[in-house]
Protein chains: 2
Amino acid sequence: MSRTKARVTLLQEVEEAMRRSSAQGVLYGQTVANVAGIANSDLECMDILYLEGRVTAGRLAEVTGLTTGAITGVVDRLEKAGLVRRERDETDRRKVFIAVVPEKAMKIGELYVPMQQAMEKVWSAYSDEELRLLLRFATEGYKGVLAATAALKGLLDAPPEKRPDLKLKKRPRQT
Amino acid sequence: MSRTKARVTLLQEVEEAMRRSSAQGVLYGQTVANVAGIANSDLECMDILYLEGRVTAGRLAEVTGLTTGAITGVVDRLEKAGLVRRERDETDRRKVFIAVVPEKAMKIGELYVPMQQAMEKVWSAYSDEELRLLLRFATEGYKGVLAATAALKGLLDAPPEKRPDLKLKKRPRQT
DNA sequence: ATATATATCTTAGCCACTAAGAGATTTAGC
DNA sequence: GCTAAATCTCTTAGTGGCTAAGATATATAT
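Residues numbered from 1 in each chain as written. Chains lettered and ligands numbered in written order. Predicted model: local features only at pLDDT ≥ 70, side-chain atom pairs only at ≥ 80, totals over all residues. Heavy atoms only, no water.

1. Description of the protein's contact with DNA strand D
For step 1, the next point in the chain: Lining the immediate environment of DNA strand D, one finds 20 residues, of which A:Ser41, A:Arg94, B:Gly58, B:Arg86 and B:Arg94 sit closest.
For step 2, the next point in the chain: Sugar and phosphate atoms form 75% of the subset of DNA strand D atoms that lie within 4 Å of the protein.
For step 3, the next point in the chain: Within the side chain of A:Ser41, one N or O atom sits 2.4 Å away from a phosphate oxygen of DNA strand D.
For step 4, the next point in the chain: In the environment of DNA strand D, a phosphate oxygen lies 3.4 Å from a nitrogen or oxygen atom belonging to the backbone of B:Ala57.
For step 5, the next point in the chain: For the surface near DNA strand D, the elements supplying multiple residues, two or more each, are helix 4 (68–80) of chain A together with helix 3 (57–64) and helix 4 (68–80) of chain B. (Near = heavy atom within 4 Å. Polar contact = N/O pair within 3.5 Å; in protein donor to acceptor, adjacent residues only side chain to side chain. Helix = DSSP H or I, 4+ residues; strand = E, 2+ residues; numbered from the N terminus.)

Encoded structure:
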């Protein structure tokens, strides 16, 4: 694959476009939380529950990067809102599974309709083959970002002289 | 464009893959903020400043959906960290432009290197033509999400019976 | 059996956020 | 030009979600 000037420019354009759209995606999420009247983290957990199904409180902490204490708060609020249910694991009674309550959770799902419609509209202009390319890209991109996240976390444990020393505030908790 | 079962499945797969990768992108951002030792919103503002250049405090509030009071806090912290500078507009002395301090901001930029490398690796496998498709998609996707965000916000002002009444907590501020 | 590990919850304190309004400057109406 | 309204940022008080540390309950290992 050549590295002509044109290609470098193209790569930069792709990067910026991706960055913009992903930033706007974040804002959409914030708006959803806003309209639903729940905290951002609460919505994020609902999303994880939607993608992964029934998961333990501990796993929510792991995936979101929040402490278990914070997750207790999240689940308390979601449970009070009727969006999820706590279910003790009968084979290991320390564990608490969090399960969505589909009827209530659907109301949250409805807030994604504008987004889905917008995306539907965009996608409808692409052929099956083009969509497969996008799917491949999204899948590979996910793996890439996952690896990058791990690499970045690695910097925290790396020898101090190797990481950009920003000295902004006391070194925070390392997720 | 046909709507065969295969295509519907394909669309769903694309949607889920996009959702996953974008969720992971959010987590990457959180990790960056974490490593840099600055708040999430602070980083988001740095990102906007990078994309838009020199902008007013008010515009930061607009774009992020935060109140102007919150932005004051963000800019205070960023300024103290030396990442940005406040510059009063001489033609309209009410306005305050926020400008990045490139030398310091670069240190933040370095934290995106793992991400850029990962993306570079992904993109390197695509031809120029394929990249142009991705660019087109990202650009259209951005516009779509932007419109969807506006539509969702519209729900807030819509007749109450039209919006999913979630009754979770007191109706929050509408960005 | 006792000790150690694991999973969740509790508590105290912190910090970013909102809401409301003050201060400073500009624009509009007369 | 002068006053009133509008615009832009900052200030203040109060709220709520978050972390850190440790308590509680259950499971596993020696």
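2. Digging into the sheet that holds strand 1 (residues 55–56) of chain B
Residues and elements named next belong to chain B.
For step 1, the next point in the chain: Taken in spatial order, the three strands line up as 1-3-2 in an open sheet, and their pairing is antiparallel. If you trace the sheet from one side to the other, it starts and ends with strand 1 and strand 2 (84–88), each paired once.
For step 2, the next point in the chain: Pairing geometry for strand 1 and strand 3 (residues 96–100), over two bridges, is antiparallel. In the sheet register, Val 55 faces strand 3, and the bridge partner there is Ile 98.
For step 3, the next point in the chain: Contacting strand 1, strand 2 and strand 3, helix 2 (residues 40–52) crosses the sheet at an angle of about 90° to strand 3. (Pairing = 2+ DSSP bridges. Contact = heavy atoms within 4.5 Å. Axes fitted to C-alpha atoms, helices over the stretch in contact; angles between N-to-C directions.)

3. Let's talk about the pattern of salt bridges
All names here are of chain B.
For step 1, the next point in the chain: For the structure on display, the rule yields 28 salt bridges over all chains.
For step 2, the next point in the chain: As a salt-bridge pair, Arg 54 and Glu 87 come within 2.8 Å of each other at their nearest N and O atoms. Here Arg 54, found in the loop between helix 2 and strand 1, pairs with Glu 87, found in strand 2; they are 33 residues apart in sequence, far enough to count as distant.
For step 3, the next point in the chain: Among the salt bridges present, the one from Arg 85 reaches Glu 87, with a minimum N-O distance of 3.7 Å.
For step 4, the next point in the chain: You can call Glu 87 partly exposed: its relative accessible area is 23%. (Salt bridge = Lys/Arg side-chain N within 4 Å of Asp/Glu carboxyl O. Buried < 20%, exposed > 50% of the residue type's maximum accessible area, 1.4 Å probe, protein only.)

4. Notes on the packing of aromatic side chains
For step 1, the next point in the chain: The final tally for this structure, using the stated rule, is four aromatic pairs over all chains.
For step 2, the next point in the chain: When the centroid spacing of 6.2 Å and the interplanar angle of 75° are considered together, the rings of A:Tyr126 and B:Phe137 count as edge-to-face. With A:Tyr126 in the loop between helix 6 (113–123) and helix 7 (128–157) and B:Phe137 in helix 7 (residues 128–157), the pair connects residues from two separate chains. Here A:Tyr126 matches B:Phe137 in class, with each residue buried.
For step 3, the next point in the chain: Cation over ring: A:Arg19 sits above B:Tyr112, and NZ or CZ is 5.4 Å from the ring centre.
For step 4, the next point in the chain: Taking the ring centre of B:Phe97 as reference, the NZ or CZ of B:Arg54 above it sits at 4.1 Å. (Phe/Tyr/Trp six-rings, centres within 6.5 Å; stacked < 30°, edge-to-face > 60°. Lys NZ or Arg CZ within 6 Å of the ring centre and 35° of its normal.)

5. Things to note about the sheet that holds strand 2 (residues 84–88) of chain A
Residue and element names in this part refer to chain A.
For step 1, the next point in the chain: Ordered by their spatial adjacency, three strands build an open sheet running 1-3-2, and the pairing between neighbours is antiparallel. The outermost strands of the open sheet, each flanked by one partner alone, are strand 1 (55–56) and strand 2.
For step 2, the next point in the chain: Bridge count for strand 2 against strand 3 (residues 96–100) is five bridges, and the pairing is antiparallel. Bridge pairing in strand 3 links Arg 88 to Val 96.
For step 3, the next point in the chain: Seen against the sheet, helix 2 (residues 40–52) touches strand 1, strand 2 and strand 3 and runs at an angle of roughly 90° to strand 3.
For step 4, the next point in the chain: In the packing of helix 4 onto the sheet, contacts are made with strand 2 and strand 3, and the angle to strand 2 comes to roughly 120°.

6. A look at the side chain of A:Asp47
For step 1, the next point in the chain: With respect to the helices and strands, the residue A:Asp47 is situated in helix 2.
For step 2, the next point in the chain: A:Asp47 gets classed as buried once you look at its relative accessible area, which sits at 17%.
For step 3, the next point in the chain: Side-chain polar atoms of A:Asp47 contact the side chain of B:Arg19, separated by 2.8 Å.
For step 4, the next point in the chain: The contacts of A:Asp47, once residues within four sequence positions are left out, are A:Tyr112 and B:Arg19.

7. Considering the relation of the copies chain A and chain B
For step 1, the next point in the chain: Laying chain A over chain B is done by rotating through 180° and shifting 0.1 Å along the axis; what remains is an RMSD of 0.1 Å. Classification of the inter-copy transformation places it as that of a two-fold axis.
For step 2, the next point in the chain: A symmetric contact is evident, with 100% of the interface residues of chain A recurring at the interface of chain B. (Least-squares fit on C-alpha atoms with pLDDT ≥ 70 in both.)

8. A word on the protein's contact with DNA strand C
For step 1, the next point in the chain: Neighbouring DNA strand C are 20 residues, the closest being A:Gly58, A:Arg86, A:Arg94, B:Ser41 and B:Thr67.
For step 2, the next point in the chain: Among all atoms of DNA strand C positioned within 4 Å of the protein, those belonging to sugar or phosphate total 75%.
For step 3, the next point in the chain: For DNA strand C, a phosphate oxygen lies 2.4 Å from a polar atom in the side chain of B:Ser41.
For step 4, the next point in the chain: Here B:Arg93 contributes a backbone N or O atom positioned 3.2 Å from a phosphate oxygen of DNA strand C.

9. Things to note about the interface of chain A and chain B
For step 1, the next point in the chain: Between chain A and chain B, the contact holds 84 residues from the first and 85 residues from the second.
For step 2, the next point in the chain: Both sides together, the interface formed by chain A and chain B hides about 8,200 Å², and carbon and sulfur atoms give 68% of it.
For step 3, the next point in the chain: For the pair chain A and chain B, the number of links is six salt bridges.
For step 4, the next point in the chain: One salt bridge in this structure joins A:Asp47 and B:Arg19, with 2.8 Å as the shortest N-O distance.
For step 5, the next point in the chain: Connecting chain A to chain B are 16 residue pairs in polar contact (both at pLDDT 80 or more). (Buried area = accessible area lost by both parts, 1.4 Å probe.)

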